[in-house]
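# Chain and residue survey
Okay, here's what each chain looks like letter by letter:
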Amino acid sequence: MSKLNRRQFLKISGAATAGVTVLPASGGFWEALFGEEKRPLLENQAVKTPTVCEVCFWNCAGWTYTDKEGNIRKIIGNDKDPHSNGRLCPRGTGGLGMYYDEDRLKKPLIRVTGKDGKQSFREASWDEALDLVAKKMKEIDSKYGKESFALLFHGKTGPHFEHLFKAWGSDTMGEPAGAQCLIAREAGFIATYGAGLASPEPTDIKNADCLVLIGSHFGENMHNGHVQDISDMIERGGTIITVDPRFSTMAAHSTKWLPIKPATDLALLLAWMNVIINENLYDKEYVEKYTYGFDLLKDHVQKYTPEWAESVTTIPAADIYETARMMGGASPRVVVHPGRHTAWYGDDTQRSRAIAMLNALLGSWGRKGGFYFPERVKLPKEPHPPFPKPKWSWKDISRGKHKLAIMGITNEIIDHALPEYNGPYKVKAFFITATNPIQSIPPQEKVIKALQAAEFVVVVDTMPSEITGYADVILPEATYLERLDHIRNAHHRIPNLALRYPAVKPKYETKPGWWIAREIGIRLGLKDFYEWEDFEEVLDWQLRQVGSSIEEMKQLGVKYFPRKTPMYLDEYDGQYWFNTNTGKIELYSTDLAEWGYDPMPVYKPHPEPPPGMLRLIYGRVPMHTFGRTINNPNLFELKKEPALWVHPKVAKLYDLKQGQEVWLKNHKGKVSSFSVPVRITQRIRHDSVYLPHGFGNKGRIFVDGKKLEMSRAYGRGILDSEVMSDVYIDPETGGTGMRSNFVEILTENPHKKDIES
Ligand code: MGD
Ligand code: SF4
């Protein structure tokens, strides 16, 4: 493949170069904000405040610049930040659009009519809205118990509400970043190494000679620091192997692209292990010293030959041999990347296990150029009385069925709110903050049914996204640029802390999450859990325990602390004890065996597209994070709507023209609400279509008779979740695989009759 220099790569991967502001120098958004006059911003005219980006969950640290009139003028990266190295991605640079978006929720709202997602609200004071929330929480408690009030959350605002719920006595909680994203990956690595990965993943791409990406579309999904490491790797001439049914941005810069048949990745991984073991390409000393079950694995993979895998994956056996040898040749400086959104096919823990095991064979876990051992600062938690013990919690809902459910499983919490659920753990009310389950927890029909059956729903959001239409009370949160949140304390090469501090006062009548949670807590009689007035006091106390302070962090933004333990395995003199039953890396998992799961991954075929249908695969575009950015005025300018990628053969079959608007109908007859233009391209396999996630917004509420919606994003593109009727449950974790949904393309508007009538 062509060799690109770093500058070209970043340009392609991000549509704009990471670290260079994407705001137009003149016109468009800038003009809309500040009028015709284009005022240059001088350092001495601005106040510089540290922030941590919330546009995606890489959480880069940066600086906001606020001018004398109190306008936030720009956000840039913090040079000291290991997540961004001083360069924000286009989404992060455009993050100030979240603050300036005129469609934002501005005041607390209380429902006045029914509950079908389109109904009416009236404005309320904070006191009235918070009193109502507290009253309803007490009511639900007295009728069903506190545990029946479930919390769904996401992002940095989540911990404020977790604290509230735990202090009150409910631990019925979950986030889509678990079951709909990375839970299976974490479980697969924990079963192998006794350790998960968290974020940012401790991949030592900086020092790697070979990087293998299995469905990880870096550059399109962002992950800023890693994109920078990869572009350096490209410059160094490293080997990159990308496995993807789509010729992704990363595939375009890879040494080898393997256009795998969707749903068959585990077959490829097993065949790679077969070659690496049979051709003695594995790291013998490492495997002998640190692993358990090698001989069992050797026997297990014998049947998974590259020739067998060719028939399953459609990747030629010769390519499987060649890429296995590339990995073996680079061992241990190889990263077989674990990915992040791994909720694909319902065998996701086993696929992630196979990735973990392949890394172990290559000797890359804990090795330079493979995976380093990350470390974080031991930051004490704020002191408070012990949390009361709930009678039941998310663990009772999920752990019996899924032994590796390491966090609340959102879709199971939702199942427990359905009218047909008659068991002991009934969910009767929801508190939903910074997540939009209508888009993110398919199947959509179930979520809607559960929300409609609930006796009370509170939504804390910044935007009138779909979920607000199902609320009884809507509480408008200030954006990340206007509020304090917990200190970012991520695992990293060198332990470090980063501060998010408000650049400006909250706009309109919005309030920060910590304030909302505390006010509810006080109304519930939980004063002992809130022995402070302002969350800044908590942060300052925490920082002082580790020798810093808010004042210092306001100057630094990011502060480093010394490592206490070695970063690589070799520095432990063979004394390393893995946190597994055997103390070794488990190629044969003793836990999985004991709990009745496959102790080593076994390939099982997945559903195939019915005749005439195509598999729906989905992902990200560089300018947007799920649905949270689609109305952001800056980012909307960069990407207004998605396109449906279709292969020329499919286009011919349906007689499609480039850019033609189409609708989708899935294998259960579910039709998309809106249309999307087609992009006819060789870059996608003929058996699949590709649709970026997060578009197709149809949130619309009425406030005192006036329509409130995300005016730019409303109705643009198709939401993938709308045509996801089936999810495949990962038995080990309960995670929901979403990639076995199938669609046909409709060229006529299926809603035409409705419109005409
Ligand atoms: P977002 O679109 O970020 O995704 O799932 P979600 O967290 O539901 O929705 C966040 C909501 O938070 C939006 O309503 C937004 O307006 C609001 N919001 C944004 N910022 C703030 C804030 O500061 N405070 C408050 N209170 N609200 C805020 C993400 C999840 O979705 C993930 S992590 C993955 S990996 C999965 N991806 C995925 C997919 O690709 N396809 C499908 N079909 N489903 C998916 N589900 C998962
Ligand atoms: Fe923000 Fe981009 Fe960093 Fe994500 S990768 S946190 S959007 S700057």
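The rules behind each value
Residues numbered from 1 in each chain as written. Chains lettered and ligands numbered in written order. Predicted model: local features only at pLDDT ≥ 70, side-chain atom pairs only at ≥ 80, totals over all residues. Heavy atoms only, no water. Pairing = 2+ DSSP bridges. Helix = DSSP H or I, 4+ residues; strand = E, 2+ residues; numbered from the N terminus. Contact = heavy atoms within 4.5 Å. Axes fitted to C-alpha atoms, helices over the stretch in contact; angles between N-to-C directions. Near = heavy atom within 4 Å. 1 Å grid on protein atoms, 1.4 Å probe; cavity = no way out; pocket = protein on both sides within 12 Å on 5 of 7 lines; lining within 4 Å. Sits in = over half its atoms within 2 Å of the grid points. Nonpolar A, V, L, I, M, F, W, Y, C, P; charged D, E, K, R; others polar. Polar contact = N/O pair within 3.5 Å; in protein donor to acceptor, adjacent residues only side chain to side chain. Areas by Shrake-Rupley, 256 points an atom, 1.4 Å probe, with all protein chains shown as cover. Phe/Tyr/Trp six-rings, centres within 6.5 Å; stacked < 30°, edge-to-face > 60°. Buried < 20%, exposed > 50% of the residue type's maximum accessible area, 1.4 Å probe, protein only. Salt bridge = Lys/Arg side-chain N within 4 Å of Asp/Glu carboxyl O. Expected span 1.5 Å × (residues − 1). Parallel < 35°, antiparallel > 145°, perpendicular 65-115°, else oblique. Left-handed = near helix turned anticlockwise from the far one by under 90°.

### Examining the sheet that holds strand β5 (residues 120-123)
Strand order in the open sheet formed by 9 strands is β7-β6-β13-β14-β15-β4-β5-β24-β25, and the pairing between neighbours is mixed. Because the sheet does not close on itself, it has two edges, and the strands there are β7 (173-174) and β25 (706-709). The sheet contact formed by strand β14 (residues 456-461) and strand β15 (residues 473-476) spans 4 bridges and is parallel. In the strand pairing of β15, V458 is matched with V473. Sheet strands touched by helix α6 (residues 158-168): β6 (149-153), β7, β13 (429-433) and β14. Its angle to β6, the strand with the most contacts, is close to 165 degrees.

### A word on the site of ligand 2
All residues adjacent to ligand 2 are C53, V55, C56, W58, N59, C60, L88, C89, R91, G92 and N224. Spatially, ligand 2 is embedded in the largest cavity. A breakdown of the residues in the shell around ligand 2 according to their chemical character gives 7 nonpolar, 3 polar and 1 charged.

### Here we look at the site of ligand 1
What surrounds ligand 1 is a group of 29 residues, the closest being H154, D461, S465, E477 and R628. Residue R483 places a side-chain N or O atom 2.8 Å away from an oxygen atom belonging to ligand 1. Computed on the free molecule, ligand 1 has an accessible area of 910 Å², of which 98% lies beneath the protein chains in the complex. Elements with a contribution of two residues or more to the shell around ligand 1: α7 (176-193), α18 (437-440) and β14. With 4 residues, the single largest contributor to the shell around ligand 1 is α7. Its residues placed into classes, the shell around ligand 1 shows 10 nonpolar, 13 polar and 6 charged.

### Topic: unusual backbone geometry
P200 follows S199 through a cis peptide bond whose omega is -5 degrees. Take P200: it is sitting in the loop between α7 and β8 (210-214). In this chain, S331 is followed by P332 through a cis amide linkage whose omega measures 5 degrees. Mapped onto the elements, P332 comes out in the loop between α14 (317-330) and β12 (334-336).

### Thoughts on the packing of aromatic side chains
We describe a pair of aromatic rings using the distance from one ring centre to the other and the angle between the two ring planes. Under the counting rule described, the total for this entry stands at 32 aromatic pairs. Taken together, a centroid distance of 6.0 Å and an interplanar angle of 75 degrees make the contact between F165 and W168 edge-to-face. Taken as a pair, F165 and W168 lie in helix α6 at a separation of 3 residues, close to a single helical turn. One exposure class covers both F165 and W168, and it is buried. Taking 5.8 Å as the distance between ring centres and 35 degrees as the angle between the ring planes, the aromatic pair formed by F189 and Y193 counts as tilted. Of this pair, F189 and Y193 both sit in helix α7, separated by 4 residues, roughly a single helical turn.

### Topic: the pattern of salt bridges
Summed over the entire model, instances satisfying the criterion amount to 50 salt bridges. Measuring nitrogen to oxygen at the nearest pair gives 2.8 Å for the salt bridge that ties D101 to R712. Taken as a pair, D101 in the loop between α4 (96-100) and β4 (109-111) and R712 in the loop between β25 and β26 (728-729) lie far apart in primary sequence, 611 residues in all. In this structure, D101 and R712 share a single accessibility class: buried. Taking the shortest distance from any N to any O, the salt bridge between E412 and K401 comes out at 3.6 Å. Placement of the pair is E412 in helix α17 (residues 410-415) and K401 in the loop between α16 (394-398) and α17, with a sequence separation of 11 residues. You can call K401 partly exposed: its relative accessible area is 48%. If you follow the salt bridges from partner to partner, you end up with E54, E477, R483, D485 and R500 in one network.

### Observations concerning helix α15 (residues 348-361)
A rise of 1.5 Å per residue sets the reference length of α15, with its 14 residues, at 20 Å; its end C-alpha atoms lie 20 Å apart and thus fit the reference within 8%. Among the 14 residues of α15, 14 are classified as buried, and the element is accordingly described as predominantly covered. Backbone geometry just downstream of α15 places G363 in the positive-phi region, at approximately 70 degrees.

### Topic: α14
Across its 14 residues, α14 extends 20 Å between first and last C-alpha, which sits within 8% of the 20 Å expected from 1.5 Å per residue. Residues of α14 that are buried: A317, D319, I320, T323, A324, M327, G328 and A330.

### Here's the deal with the sheet that holds strand β9 (residues 239-243)
In space, the 4 strands of this open sheet follow the order β10-β9-β8-β12, with parallel pairing throughout. Looking at the sheet topology across the chains shown, the edges are occupied by β10 (256-258) and β12. Averaged over all pairs of adjacent strands, the angle between strand axes in this sheet comes to 10 degrees, irrespective of strand direction. Where β9 and β10 come together, 3 bridges link them in parallel fashion. Bridged to V243 within β10 is L258. Lying over the sheet, α14 contacts β8, β9, β10 and β12, oriented at roughly 130 degrees with respect to β10.

### Describing the packing of helix α5 (residues 126-144) against helix α20 (residues 513-523)
The contact between α5 and α20 brings their axes to 9 Å, and the two run at 55 degrees. What the angle tells us is that α5 and α20 run oblique. At the point where α5 passes α20, the crossing takes the right-handed sense. In this structure, α5 uses W126, D127, L130, D131, V133, A134, M137 and K138 to contact α20, whose residues at the interface are W515, I516, E519, I520 and R523. Grouping the constituent residues of the contact of α5 with α20 by class yields 8 nonpolar, no polar and 5 charged.

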